[in-house]
There are 2 protein chains.
Amino acid sequence: MSDSRPIGVFDSGLGGLTVAKELFRLMPGEKIIYLGDTARCPYGGRSDDTITKFGMQDARFLMEMDIKMLIVACNTVSSVALDHIASEIKEIPVIGVVLPGARAAVLRTAERKVGLIGTSATVRTGSYARAMQNIDPGIKVYAKACPLFVPLVEEGMADHDITRLAAQYYLYEMIDLGVDCLILGCTHYPMLMETIQGTVGTRIQLIDSALWAAKEAQDILTALHSLSDVKTGGLGSSRFIVTDLTHSFEAQASSFLGNQIPAIEKIPLENLAK
Amino acid sequence: MSDSRPIGVFDSGLGGLTVAKELFRLMPGEKIIYLGDTARCPYGGRSDDTITKFGMQDARFLMEMDIKMLIVACNTVSSVALDHIASEIKEIPVIGVVLPGARAAVLRTAERKVGLIGTSATVRTGSYARAMQNIDPGIKVYAKACPLFVPLVEEGMADHDITRLAAQYYLYEMIDLGVDCLILGCTHYPMLMETIQGTVGTRIQLIDSALWAAKEAQDILTALHSLSDVKTGGLGSSRFIVTDLTHSFEAQASSFLGNQIPAIEKIPLENLAK
C-alpha cells in the first residue's frame, strides 16, 4: 500500500520551511504543499481567539488540496489551537510540533530539568510543560518567551552582537536554573542554533522541535503504509503558497531551506479568510 | 461654523495612538475614532500590494463612521498608499504623516542634510525624500530602515542595553553623514526618543512626524471652520477599535497615550476584510 497524495504543512510565515526541509531529507519521495500566511505573520503576539481562527483558516485551505496528512509547523498554533484543529479535521492525521519536541526532551534530560523558549503565546499556554509532564510528572520546565528572536532572524542578524546580547538576556537564567535540555519552541530558532549554543554552553542539549515533528510524520506515515512509492517527490514537485510576496522572501526562504529557493505561488488572503 | 463629527485615525497597530494623544492635546474639544489593525500588524515588512489593500480596508471602515477628516497615522501606509486612499476618498480631507514630518524637517535643517528612520517599506518607497525634495531639491536625505525598533518598543525595552546597541548599529552612520535633523518616521519611535537622542547627540534635532501630523490636522480643520464647538471631546467621548485584543494591549496603549487607558472595542477582522 502506498499513498502518493501530498503532505500539507502550514506556518504563520516561512519558519515552517525548516520542517519541510527535514521532511524532504527523511522522505525524499514525498510531495509537500506548504502554506505560509505571510500577509498576517507573525502570530506569536496575538490573542488565542485570533490564533485559533487564523490556524483553522490555514488548515481548511490545505484540506481542500487532497492532502494525506496535516502538519501544523507553527509552534504558536500548535500550542493554542491544535486540539481545536484536530477535532474539526478527522479524515487524516493532524500533528503539531509541540508533542514531538516535548517527547524528545523527556527522553534526553538526565536532570529532569528542561528549558523552553518560544513566542509569547507558546510560553503563555504552557503547552510544552503539559506535554512533558503528561509523560513524566516529575519533570521541571522553565519557559521563557524570546520575542526578539524572530525579528532578529528575519533581519538576517543571526550572527550579530545584538543577537548575542539578546541571547544572554533571555538565556542566562536557564543556565542558573540547571536545565540540561533546551527546546527551541519556534521554527525560527534553529537559525540561531550557534548563537544559542554559544550562550548556554555545550552542557545544555538543544532540541529542535521541527526535526522531531518531521520524524513523527515519517513514523505515522510508515505505520499507516501511506508513504509515497512514486520517485518524484522533493522540492521540484511540491507547492509553496504564501498570502504575501514580501521583499525579503527569497533571502528568508533560502535560509530556511538551505539555499534552495522554491517556485512560489501567491494567493489572495481572501482565499483563506472566508 | 463648526463640525462636531469625529476625526478618523488609523494605524496598523497601537503606535498611531501617539497621533491621537497629540490631537487631544491640541484640540481638546475633538472626538476621535481610532482603528488599530492589531490582528494583522505590523505592516512595515509586507509588500506594497498588501499594504495598499489593508490601508484601503482600514480607510473604508472609518468612512462608514461619518468622520469629518481621515488621518493615516501609519507611516508605512502613508508612504505606500496615501495617494491611492486619497484618490478613492474625496468627500473629506485625508492626511498622512509623511508630508507634515517632511515639511518640519525642511524648515529645521540648516545643513540641508536630513536623516530618516522608519520601517523597511517606508524607507523603500523614498516617500520622505520625495516630499522634502519637492520643497527644496537641494536637500540630501539619508534613510535607514530600523526594523528592530518596533519589537523593542512593543516588548517594553525602550530603556535597555539591547536597544542602545541597536540604536548605535542603526544610527552611528547618520552622525558620520553629517545630518542635523533626524525624522522619526514610525509612530513607535517617539517611545525611543531618549535612547535615540542619547545615541546621536544633541546636535541632531529629532522630528516627530506624529506631532506635526496632528498640527496639520488642526490647521486644516481651522481653515475649513470645522473644529468642534462641543465641549465634550477627548478620551472619554472617543472610540478605540481594534481587530485583536492582545495580552500586551493595556501596557502598550498606556505607554503610547501617556498612562491613560481608553475603553476598547474589538471588532471581527471580517468587518475590515471585505
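See the structure printed just above.
A.B. asks: So what exactly am I meant to see when it comes to the packing of helix α4 (residues 98–108) of chain A against helix α6 (residues 127–135) of chain A here?
C.D. replies: Axes are the key here: two packed helices are described by the angle between their axes and the distance separating the axes. Residue and element names in this part refer to chain A. One can describe the packing of α4 onto α6 by two numbers: an axis separation of 9 Å at closest approach and a directional angle of 50°. In this view, α4 runs oblique relative to α6, as classed from their interaxial angle. As α4 runs across α6, the sense of the crossing is right-handed. Contact residues: Val98, Leu99, Gly101, Ala102, Arg103, Ala105 and Val106 in α4; Ser127, Tyr128, Ala131, Met132 and Ile135 in α6. The residue inventory of the contact of α4 with α6, partitioned by class, reads 9 nonpolar, 2 polar and 1 charged.

A.B. asks: Quick question: what am I supposed to make of the interface of chain B and chain A here?
C.D. replies: Facing the 23 residues of chain B at the interface are 23 residues of chain A. If you list the elements that add at least two residues to the side of chain B that touches chain A, you get α5 (120–125) and α8 (161–176) of chain B. For the side of chain B that touches chain A, the element with the highest residue contribution is α8 of chain B, accounting for 5 residues. For the side of chain B that touches chain A, the class distribution of residues is 10 nonpolar, 7 polar and 6 charged.

A.B. asks: Mind showing me how you'd approach the relation of the copies chain B and chain A here?
C.D. replies: Note on the chain copies: they are related by a rotation about an axis and a translation along it. The two copies are related by a screw motion: chain B maps onto chain A through a turn of 180° and a shift of 0.0 Å along the axis, at an RMSD of 0.0 Å. Such a combination of turn and shift is consistent with a two-fold rotation axis. Measuring from the rotation axis to each C-alpha of chain B, the shortest distance belongs to arginine 40 of chain B, at 2.5 Å. Residue by residue, 100% of the interface of chain B is reproduced at the interface of chain A, so both copies engage with the same surface.

A.B. asks: In this structure, what is going on with the environment of phenylalanine 256 of chain B? I would like to understand it.
C.D. replies: All names here are of chain B. Take phenylalanine 256: it is sitting in helix α11 (residues 249–257). Here the alpha-carbon distance between phenylalanine 256 and valine 19, two residues 237 residues apart in the chain, equals 9.1 Å. Not counting residues up to four positions away in its chain, the partners in contact with phenylalanine 256 are Leu14, Gly15, Leu17, Thr18 and Lys21.

A.B. asks: Could you clarify how one ought to interpret the sheet that holds strand β10 (residues 264–266) of chain B in this entry?
C.D. replies: Pairing between the strands of a sheet comes from backbone hydrogen bonds, and it takes one of two forms, parallel or antiparallel. Residues and elements named next belong to chain B. Strand order in the open sheet formed by 6 strands is β4-β3-β1-β2-β9-β10, and the pairing between neighbours is parallel. Of all the strands in the sheet, just β4 (94–95) and β10 have a single pairing partner and so form its edges. Where strand β9 (residues 239–242) meets β10, 3 bridges bridge the pair, whose relative direction is parallel. Bridging from a neighbouring strand, isoleucine 241 pairs with glutamate 265 of β10. Sheet strands in contact with helix α1 (residues 17–26) are β1 (7–11), β2 (32–36) and β3 (69–72), and its direction is about 170° off that of β2.

A.B. asks: Would you mind showing me how to read the packing of helix α1 (residues 17–26) of chain A against helix α10 (residues 209–223) of chain A here?
C.D. replies: All names here are of chain A. Packing of α1 against α10 leaves a shortest axis separation of 8 Å and a crossing angle of 45°. Judged by the inter-axis angle, α1 sits oblique to α10. When you trace α1 past α10, the crossing you get is right-handed. The residues of α10 that touch α1, namely those facing Thr18, Val19, Glu22, Leu23 and Leu26, are Ala210, Leu211, Ala213, Ala214, Lys215, Ala217 and Gln218. Of the residues belonging to the contact of α1 with α10, the class tally is 8 nonpolar, 2 polar and 2 charged.

About the cut-offs
Residues numbered from 1 in each chain as written. Chains lettered and ligands numbered in written order. Predicted model: local features only at pLDDT ≥ 70, side-chain atom pairs only at ≥ 80, totals over all residues. Axes fitted to C-alpha atoms, helices over the stretch in contact; angles between N-to-C directions. Helix = DSSP H or I, 4+ residues; strand = E, 2+ residues; numbered from the N terminus. Parallel < 35°, antiparallel > 145°, perpendicular 65-115°, else oblique. Left-handed = near helix turned anticlockwise from the far one by under 90°. Contact = placed C-beta atoms within 7 Å. Nonpolar A, V, L, I, M, F, W, Y, C, P; charged D, E, K, R; others polar. Least-squares fit on C-alpha atoms with pLDDT ≥ 70 in both. Pairing = 2+ DSSP bridges.

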